[in-house]
Amino acid sequence: MLSAIKELFTPHKDYAGRHIDAVIDRLAAQTGTETHAWSYLHEQAVYGNTLNGMRIYPHELRKYAA
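This one's a predicted model, so the numbers in the text were calculated from it and none came from an experiment.

## Details of the nonpolar core
Among the nonpolar cores identified, the biggest contains 12 residues, and these are Ile20, Val23, Ile24, Leu27, Ala28, Trp38, Tyr40, Ala45, Tyr47, Ile56, Leu61 and Tyr64. Listing elements by their share of this core, those giving two or more residues are helix 2 (20-31), strand 1 (38-41) and helix 3 (61-65).

## Let's talk about the pairing of strand 2 (residues 46-49)
Residues Val46 and Gly48 point to one face of strand 2 and Tyr47 and Asn49 to the other, with burial holding for every one of them. Sheet topology places strand 1 next to strand 2; four bridges connect them, and they run antiparallel. What sits directly across from Leu41, in strand 2, is Val46. A loop of four residues connects strand 1 with strand 2, the two strands running antiparallel in sequence, and Ala45 in this loop sits at a positive phi of about 55 degrees. Summarising the sheet, strand 2 and strand 3 (residues 55-56) pair through two bridges and their orientation is antiparallel. Across the sheet, Tyr47 pairs through a bridge with Ile56, a residue of strand 3.

Criteria and cut-off values
Residues numbered from 1 in each chain as written. Predicted model: local features only at pLDDT ≥ 70, side-chain atom pairs only at ≥ 80, totals over all residues. Heavy atoms only, no water. Core = buried A, V, L, I, M, F, W, Y, C linked by side-chain atoms within 4.5 Å. Buried < 20%, exposed > 50% of the residue type's maximum accessible area, 1.4 Å probe, protein only. Helix = DSSP H or I, 4+ residues; strand = E, 2+ residues; numbered from the N terminus. Pairing = 2+ DSSP bridges.

Okay, here's the thing in structure tokens:
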């Protein structure tokens, strides 16, 4: 029961089926930031950096996390 609830609140893949942790690792490496600063905002389908406010939208993802 607890694992089912956890799955509801912690998606492992983004809107395009990419593994969120892998994309965040690439974003951090490409932008020179820490991985813990990045998160995936599921309801907006955008990756965001909570420390500097940077957001990576779906059309920009190829540029930053390729």
